[in-house]
Amino acid sequence: MNGGQDQLEPRSNRQYPAVMPRDTLTGERIVRAAVELLDTEGLEGLSLRNLGERLESAPTAFYWHVKSKDNLVMLASDEVWNEIELPDVDALDWRTAATLMARDLFRMLTRHPWLVQALSSYLMRGRGKARYDDCSLAIYEKAGFAGVDADRAMAVVFMFVLGNAIGESAAVSLRRRLRQGGANADDVLRQAVADQIEVAEDFPRLKARIATVAETDYFDAPDQSFELGLQVIFDGLEGQRSPSP
């Protein structure tokens, strides 16, 4: 279900456990359970009914803390932004701090692949994301960027990291969809690689490239491409910045 208020399904013969007391079914507990559900089932598997089964509580109990699926996704998203460890901007040079932030952002996005999809489908706000953005601005201001230039530098790095995380997110979503359809994901992917290798016979450069990698690595980015891309971006930013006096 994309956006909108999560609609409760008609009452069935299923008997839900008694509603937990409000001091037990806390907002924090609901959000953490939502993150776990999103990690295993993705956005398409998140509903108040599924969350109720995970927490052994009736879905109606969540409305005291969470008004809609949109609100729940926003809260879960903001929660995982807090997993990023912020570097000590005062103690490190800007490139070291920016590299640490980019690597940790990538790790967070690949731990929670649903967030990549959520960023394009849901409004995001909250203290977790604000904490990350504020530290990022401090890094690029230290590098010599001011105002909108600091925003641009931060955005360039963020979009590069997000783009690299899309591949990981897509792989997780594809495997989940194949499993839910009853297919063996590994078999389907092996056949896809075999089909693409056959197509590559008509393209000499691609054919030569395939000959240098293992069949199972065909769709993967080359080793260290993420680190190379980061350093290329930072080299470019070095040439654009105005060093502090």
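Right above here is the structure, for reference.
The shown structure was predicted, so the numbers you read here are calculated from the model rather than taken from an experiment.

Visitor: Can you help me understand the overall build of the chain in this one?
Guide: Secondary structure assignment for the chain yields 10 helices and 0 strands. Starting at the N terminus, the α and β elements of the chain follow one another as α-α-α-α-α-α-α-α-α-α. Residues classed as buried in the chain amount to 38% of the 245 residues present. Taking the contacts inside the chain whose residues are at least 6 apart along the sequence as the reference set, 74% of them involve residues at least 24 apart. About 14200 Å² of surface is accessible on the chain, with carbon and sulfur atoms providing 52% of the total.

Visitor: For this particular structure, what's the right way to read the environment of S225?
Guide: Relative to the helices and strands, S225 is located in helix α10 (residues 225–240). Assessed through its relative accessible area of 27%, S225 is described here as partly exposed.

Visitor: In this structure, what is going on with the packing of helix α4 (residues 94–111) against α10? I would like to understand it.
Guide: Between two packed helices, the angle of one axis relative to the other and the distance separating the axes together describe the packing. Their axes nearest at 11 Å, the elements α4 and α10 cross at an angle of 140 degrees. Seen along the crossing, α4 lies across α10 with a hand that is right-handed. The residues of α10 that touch α4, namely those facing W94, R95, A98, T99, A102, R103 and F106, are F226, E227, L230, Q231, F234, D235, L237 and E238. Broken down by class, the residue content of the contact of α4 with α10 amounts to 8 nonpolar, 2 polar and 5 charged.

Visitor: Is there a simple way to explain a nonpolar patch on the surface in this structure?
Guide: Side chains of V199, F203 and L206 sit close together on the surface and give an oily, nonpolar patch of about 250 Å² of accessible area. You can see V199 is positioned in helix α8 (residues 185–199). By relative accessible area, which is 42% here, V199 ends up partly exposed.

Visitor: For this particular structure, what's the right way to read α10?
Guide: Think of an α-helix as turning once every 3.6 residues; residues three or four places apart then point the same way. The terminal C-alpha atoms of α10 lie 23 Å apart, and with 16 residues this matches the ideal 22 Å at 1.5 Å per residue to within 8%. Of the positions making up α10, those classed as buried are F226, G229, L230, I233, F234 and L237. Down the axis of α10, the smallest arc covering the buried residues is 130 degrees, so these residues share one side. For α10, the exposed residues lying more than 90 degrees away from the buried face are L228, V232 and G239.

Visitor: When you look at helix α3 (residues 69–81) in this model, what are you seeing that I'm missing?
Guide: If you check α3, its first and last C-alpha atoms are 19 Å apart, about what 13 residues at 1.5 Å a residue would give, namely 18 Å. Within the sequence span of α3, burial applies to K69, L72, V73, M74, A76, S77, D78, V80 and W81.

Visitor: What exactly am I supposed to notice about the packing of aromatic side chains here?
Guide: A full pass over the atoms with the stated rule returns 6 aromatic pairs. Taking 5.0 Å as the distance between ring centres and 45 degrees as the angle between the ring planes, the aromatic pair formed by W81 and Y132 counts as tilted. Of this pair, W81 sits in helix α3 while Y132 sits in helix α6 (residues 127–143), and the two are 51 residues apart along the sequence. With relative accessibility at 5%, the residue Y132 sits in the buried group. Taken together, the aromatic side chains of W81, Y132 and F158 make up a single cluster linked through ring pairs.

Visitor: Could you clarify how one ought to interpret the packing of helix α1 (residues 27–41) against helix α2 (residues 48–55) in this entry?
Guide: Two numbers describe how α1 lies on α2: the axes approach to 10 Å, and their chain directions differ by 110 degrees. As far as their axial angle goes, α2 and α1 are roughly perpendicular. Judged by residue contacts, R29, I30, A33, A34, E36, L37 and T40 of α1 engage N50, L51, R54 and L55 from α2. Grouping the constituent residues of the contact of α1 with α2 by class yields 6 nonpolar, 2 polar and 3 charged.

Criteria and cut-off values
- Residue indices follow the written sequence of each chain, beginning from 1 at its first position.
- Thresholds applied to this predicted model are a pLDDT of at least 70 for local features of residues and 80 or more for the giving and counting of side-chain atom pairs; totals over whole chains, interfaces and linings are not thresholded and use all residues.
- Note that water and hydrogens are dropped before the side-chain values are worked out from all heavy atoms of the structure.
- Comment: elements are numbered from the N terminus, with helices defined as DSSP H or I runs of at least four residues and strands as E runs of at least two.
- The buried label goes to any residue with under 20% of its type's maximum accessible area, the exposed label to any with over 50%, and the partly exposed label to all in between, with areas taken from a 1.4 Å probe on protein chains only.
- Whether two residues touch is decided by their heavy atoms; if any such pair falls within 4.5 Å, the residues are in contact.
- Under the convention used here, a 1.4 Å probe and the Shrake-Rupley method define accessible areas, while residue burial counts only the protein chains that appear.
- Fitted lines through C-alpha atoms give the axes, limited to the stretch in contact for helices. The angle between two N-to-C directions lies from 0 to 180 degrees.
- The sense of a crossing depends on the near helix, which, turned anticlockwise from the far helix by less than a right angle, makes the crossing left-handed and, turned clockwise, makes it right-handed.
- Polarity classes work like this: nonpolar for Ala, Val, Leu, Ile, Met, Phe, Trp, Tyr, Cys and Pro, charged for Asp, Glu, Lys and Arg, and polar for all others, with Gly in that last group.
- Surface patches are defined over residues having more than 30% relative accessible area and no salt bridge, joining like charges when they lie within 9 Å and nonpolar side chains (Val, Leu, Ile, Met, Phe, Trp, Tyr) when within 5 Å.
- Salt bridge, as applied in this entry: a Lys or Arg side-chain nitrogen positioned within 4 Å of an Asp or Glu carboxyl oxygen.
- Given the number of residues in a helix, its expected span is that number minus one, multiplied by 1.5 Å.
- Directions are taken from the helix axis to each C-beta atom, and the arc is the one they span.
- Ring pairs shown here join Phe, Tyr and Trp side chains whose ring centres sit within 6.5 Å, with only the six-membered ring taken for Trp; geometry is labelled stacked below 30 degrees between planes, edge-to-face above 60, and tilted in between.
- By definition in this entry, angles of less than 35 degrees are roughly parallel, angles greater than 145 are roughly antiparallel, angles of 65 to 115 are roughly perpendicular, and the rest are oblique.

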